[in-house]
Amino acid sequence: MEQKKVLLAVTGGIAVYKAVALTSKLVQANFDVKVMMTESAQQFVTPLSFQAMSRNDVYVDTFDEKDSAKIAHIDLADWADLIIVAPATANVIGKLANGIADDMITTTLLATEAPIWIAPAMNVHMYANRAVERNMQVLREDGLTFIEPGEGYLACGYVGKGRMEEPEAITERVVRYFTEANPLPLKGKRVIVTAGPTLERIDPVRYISNFSSGKMGFAMAEAARDLGADVTLVAGPVSLDTPARIQRIDVESAADMLEAVLSRYDEADIVIKSAAVADYRPKHAADQKMKKQEGDAAIELERTTDILKTLGAQKTHQLLIGFAAETNDALTYGRGKLESKNADYIIVNDVTNPDGGFGNDTNVVTLVSREGEKSYPALDKRMLAHQLLTYISEKEFDHS
Ligand code: CTP
């Protein structure tokens with residue numbers, strides 16, 4: 001196995017000595033280990049100990065740029081395959097839960113896309129404190145993983161829960177994480193995601209479109225990437241940045257989108273049709289700006305091709321996931337679309353729900369399949385996308 005990169009974030013508690021042992025164990029297990037320390041961690045152990053154990057530079061100051069060609073906290077954030085905060089104090093847990101970035105560790109953690117594991121170490125009463133509990137819950141919901149502390153004698157003299165997990169046990173967990181048969185359920189899968197509205201030209205200055213922001217589709221693309229897939233994102237006109245490690249193809253009309261998807265369909269394993277595709281386009285798009293006339297005007301519209309239905313009809317091995325944007329009788333229409341388009345899943349959302357729909361950062365959906373329905377509460381679109389795709393991939397691909 002290629003050497004995996006583990007970034008250890010050491011915050012200030014008496015358990016810092018265990019982080020030195022953890023560094024040593026990880027290096028012995030053939031991981032490339034780099035260490036970041038807070039100011040308070042340095043009160044317990046000097047950076048030199050970690051440098052010697054990891055045989056790498058130790059990062060303590062956001063503004064101490066060791067290499068002028070790079071920005072250290074971004075570079076480290078991108079470098080890591082896994083970040084472990086050990087020991088994690090109540091303070092760093094509180095900062096992370098609130099998005100605070102005021103030192104090397106917290107800025108790097110905000111900038112990373114790598115999984116983050118937190119190994120708390122603190123006094124038993126601090127660990128049980130309501131604020132600390134709340135912060136940990138927020139981080140769990142944000143997708144961070146906790147390495148539960150053990151019970152036993154604590155440095156403060158108490159006996160109880162708060163001892164950082166032993167370095168050997170953490171190392172074993174890291175080894176298992178990287179060698180597990182299929183930690184990424186969509187690894188090796190090719191996924192096409194469509195997102196945003198389509199734009200249908202009336203003349204060179206006018207068009208028909210809809211309010212889709214593309215946020216849900218972009219979130220689906222990112223979630224598929226994070227689950228290991230190779231993602232192509234076919235995007236209608238939206239003002240969203242291209243997510244890292246995703247191939248983006250910009251299109252304008254329903255016809256362009258159809259062409260972009262169909263030409264890649266044979267190689268695709270999964271197609272996720274999040275785009276709000278126009279159902280009609282002007283029958284004749286004028287080459288020149290249409291001048292106003294006396295009286296009213298009408299634009300003759302013709303149907304566009306239903307992309308999902310076309311894919312459903314030509315399906316061989318692909319898994320098809322569609323969306324249904326509804327304002328009423330959402331589930332009934334959703335079930336109907338599952339059948340009429342020969343999709344495997346339809347994600348139904350009521351666009352009139354104040355917590356969901358176009359433009360919002362949150363969404364409320366029900367996942368409809370031939371097996372039944374599963375409802376989700378109002379969730380951030382990214383988190384929702386992750387939950388939906390994790391559930392679908394476990395059902396469809398994870399037979400371990
Ligand atoms: N869709 C598509 N091509 C179209 C219209 C819709 O691929 N021309 C896809 C959408 O991307 C979505 C699903 O079909 O995954 C349902 O889209 P929606 O707009 O909810 O429904 P319509 O099929 O347009 O049906 P209706 O207008 O009757 O609600």
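Residues numbered from 1 in each chain as written. Predicted model: local features only at pLDDT ≥ 70, side-chain atom pairs only at ≥ 80, totals over all residues. Heavy atoms only, no water.

*Asks:* Could you give an account of the pairing of strand E5 (residues 116-120), with specific residues and numbers?
*Replies:* Judged by how many residues are buried, E5 sits mostly within the fold: five of five residues are covered. Here E5 shows two buried faces, one formed by Ile 116, Ile 118 and Pro 120 and the other by Trp 117 and Ala 119. Bridge count for strand E4 (residues 82-88) against E5 is four bridges, and the pairing is parallel. Its bridge partner being in E5, Ile 83 is matched across the sheet by Ile 116. Relative to strand E6 (residues 145-146), E5 is paired through two bridges, and the arrangement is parallel. Directly across from Ile 118, in E6, lies its bridge partner Phe 146. (Buried < 20%, exposed > 50% of the residue type's maximum accessible area, 1.4 Å probe, protein only. Helix = DSSP H or I, 4+ residues; strand = E, 2+ residues; numbered from the N terminus. Pairing = 2+ DSSP bridges.)

*Asks:* Which residues make up the side chain of Ser 213, and what values go with them?
*Replies:* Along the chain, Ser 213 turns up in the loop between strand E11 (206-208) and helix H10 (215-226). What makes Ser 213 buried here is its relative accessible area of 19%. Of note is the side chain of Ser 213, whose polar atom sits 3.2 Å from the backbone nitrogen of Lys 215. Setting aside anything within four residues of it in sequence, one finds Ser 213 in contact with Val 238, Leu 240, Gly 359 and Lys 381. (Polar contact = N/O pair within 3.5 Å; in protein donor to acceptor, adjacent residues only side chain to side chain. Contact = heavy atoms within 4.5 Å.)

*Asks:* Requested: an account of the packing of aromatic side chains, with residues and values cited.
*Replies:* This structure, assessed with the given rule, holds three aromatic pairs. Relative to Phe 178, the ring of Phe 31 lies with its centre 5.7 Å away and its plane at 45 degrees, an arrangement referred to as tilted. Of the two residues, Phe 31 is situated in the loop between helix H1 (16-28) and strand E2 (32-37) and Phe 178 in helix H9 (residues 167-179); the sequence distance between them amounts to 147 residues. Side by side, Phe 31 and Phe 178 carry an identical accessibility label, which is buried. Taken together, a centroid distance of 4.9 Å and an interplanar angle of 75 degrees make the contact between Tyr 177 and Phe 178 edge-to-face. You can call Phe 178 buried: its relative accessible area is 13%. By way of ring pairs, the aromatic residues Phe 31, Trp 117, Tyr 177 and Phe 178 are connected into one cluster. Its guanidinium or amino end placed over the ring of Trp 79, Lys 34 lies 4.6 Å from that ring's centre, counting from NZ or CZ. (Phe/Tyr/Trp six-rings, centres within 6.5 Å; stacked < 30°, edge-to-face > 60°. Lys NZ or Arg CZ within 6 Å of the ring centre and 35° of its normal.)

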